[in-house]
Amino acid sequence: MTLGGDARRSAKGVVAQPARDVDEVEECRRCGSGVDESRDVDLCILRPFPEANMPPLLRSELRGLSAMEMQMRRYRIVHNTYYNFAAPVELGPHTLRLRPREGHDLRIEASTLELDPPATLQWHRDAESNSVATARFSGRSAKLAILSELIVQQFPPPTTDPCSATFSDTAVDEAVLSPYLRVVVDSQLTGWLPATPRPATSAQSHAALEALCQRVQQVLHYRVRDEPGVQSVAETLQSGSGSCRDFAHLFIEAARSWGYAARFVSGYLHAAPSPDHFGATHAWAEVYVVGCGWCGFDPTLGRASGPEHFPVSVARLPESVPPVAGSITGPAGTTMDVGVWVTELPVVA
């Protein structure tokens, strides 16, 4: 809950106290309202706060949106998955990774998750602190529908430069980052990768990684790939093409080869409909830049990730965080349809 919500209630939801005799009431130095010196309670917390005496931020909150809310953007994310089976099957447990990672820059305002047939849901956080729901079904069914809808609030950073306000990183725990540093040696990647940069600052590191991101986007051809799984680095370089998850995997291995901790990100992207973006989940990468923290890079777009990216899951291995995973027991023959829509909403005061 924002400060503005609390301030509005305290200012409008409490009846003002009646004034006492003049010689018993003094003016509060903070807000100008009366303070009864004979009591321990400062009556200014019970009286309507005079707007003229309010700090600018609080005054703007009472009038409507706060400074942070003025920058906030709201989105509706709809993610529907439909399975149709050749005959009724027994549904085993399914893991669902559909809920974005909340933090200082992203908040979930509302969410619904519906399943047909109905299931018992158990929520937990995995080893990467991703929010995961396990669905358990009873009986048999010839179909499975998973319908997720969210309204999220995205708070863009005050500057587009992620390294404009670096922090002290002298005690980075290498044990925490070490899983993201493991390199799979590939001769093709070694030959394709530019020489390892030697940046002197966090900003230079970020610039070198963004240039690498652009190289992936410019050299390789993006294509929609419906096959499950992720291509190897060699397959992507040999074919000269791949999906967003293949590009992210290549970028991650390249960044690790340069000595950076990197991880895979699965989530959503707000983008205008196009042949490349017509409703699907999206994948990109995050790299740990000393002094800047985890920074997102989208090699499909050839630039750093921004407020139009909504991370759901992060992982060391790309194949370990599918949005939906589970098992069935029954005859072969399954069709699947997936629809994803990300729509910007108006900000409500």
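Residues numbered from 1 in each chain as written. Predicted model: local features only at pLDDT ≥ 70, side-chain atom pairs only at ≥ 80, totals over all residues. Heavy atoms only, no water.

Caption draft 1: Broad picture of the overall build of the protein chain. Scanning the protein chain from terminus to terminus reveals eight helices and 16 strands. Classification of the 349 residues of the protein chain by burial places 41% in the buried group. Long-range contacts, defined as pairs at least 24 residues apart, comprise 72% of the intrachain contacts of the protein chain with a sequence gap of at least 6. Within the structure as shown, the protein chain displays about 18,700 Å² of accessible surface, and the carbon and sulfur contribution to it stands at 53%. (Helix = DSSP H or I, 4+ residues; strand = E, 2+ residues; numbered from the N terminus. Buried < 20%, exposed > 50% of the residue type's maximum accessible area, 1.4 Å probe, protein only. Contact = heavy atoms within 4.5 Å. Areas by Shrake-Rupley, 256 points an atom, 1.4 Å probe, with all protein chains shown as cover.)

Caption draft 2: Local environment of helix α8 (residues 244-257). Its 14 residues place the ends of α8 20 Å apart at the C-alpha level, agreeing with the 20 Å of an ideal helix rising 1.5 Å per residue. Within α8, 13 of the 14 residues are buried, which leaves it mostly tucked inside the rest of the structure. The positive-phi residue at the C-terminal boundary of α8 is G259, with phi of around 100 degrees. (Expected span 1.5 Å × (residues − 1).)

Caption draft 3: Seen up close, the sheet that holds strand β11 (residues 282-289). Within the open sheet, the five strands sit side by side as β13-β12-β11-β10-β14. Their pairing is antiparallel. Sheet topology places β13 (303-304) and β14 (309-315) at the edges, where each strand pairs with a single neighbour. In this sheet, β11 lies alongside strand β10 (residues 261-269) in antiparallel orientation, the contact comprising seven bridges. Residue pairing in the sheet places S266 in a bridge with A283 of β11. Each of β11, β12 (293-298) and β13 touches helix α6 (residues 202-219); the most contacted strand, β12, lies at about 25 degrees to it. Running over the sheet, α8 touches β10, β11 and β12 and is turned about 15 degrees from β11. (Pairing = 2+ DSSP bridges. Axes fitted to C-alpha atoms, helices over the stretch in contact; angles between N-to-C directions.)

Caption draft 4: Structural view of unusual backbone geometry. Following D116, the chain continues to P117 via a peptide bond in cis, the omega torsion being 5 degrees. Assignment of secondary structure puts P117 in the loop between β4 (106-116) and β5 (120-125). The phi dihedral of S129 falls on the positive side, at around 70 degrees, and the residue is not glycine. Mapped onto the elements, S129 comes out in the loop between β5 and β6 (131-136).

Caption draft 5: The arrangement of the packing of aromatic side chains in detail. As enumerated under the stated definition, the model contains six aromatic pairs in all. Their ring planes at 70 degrees and their centres at 4.9 Å tell us that Y75 and F310 sit as a pair that is edge-to-face. With a gap of 235 residues between them, Y75 in strand β3 (residues 73-96) and F310 in strand β14 connect regions that are remote in the sequence. F310 carries the same exposure label as Y75, and that label is buried. Look at F251 and F297: their rings are 5.7 Å apart centre to centre, the planes differ by 35 degrees, and that puts the pair in the tilted class. Taken as a pair, F251 in helix α8 and F297 in strand β12 lie far apart in primary sequence, 46 residues in all. For F251, a relative accessible area of 0% translates into the label buried. Feature note: the residues Y180, Y288 and W294 constitute an aromatic cluster, connected by ring pairs. (Phe/Tyr/Trp six-rings, centres within 6.5 Å; stacked < 30°, edge-to-face > 60°.)

Caption draft 6: View of α6. In a regular helix each residue adds 1.5 Å, so 18 residues correspond to 26 Å; α6 covers 26 Å between its end C-alpha atoms and thus fits that length. If you check which residues of α6 are buried, you get S202, S205, H206, A208, L209, L212, C213 and V216. The buried residues of α6 occupy an angular sector of 160 degrees when projected down its axis, which confines them to one face. For α6, the elements touching its buried residues are α5 (187-192), α8, β11, β12 and β13. (Arc of directions from axis to C-beta.)

Caption draft 7: Quick look at the pairing of β3. Direction of pairing for β3 relative to strand β7 (residues 140-154): antiparallel, over a ladder of 14 bridges. Bridge pairing in β7 places R74 opposite Q153. Both β3 and strand β16 (residues 334-345) contribute to a ladder of 12 bridges, which runs antiparallel. Bridge pairing in β16 links R74 to L345. Taken together, the five bridges between β3 and strand β15 (residues 324-329) define a ladder with antiparallel strand orientation. Opposite E90, over in β15, you have T329 as the bridge partner. Note: β3 against β6, three bridges, orientation antiparallel. Paired with L96 across the bridge in β6 is A133.

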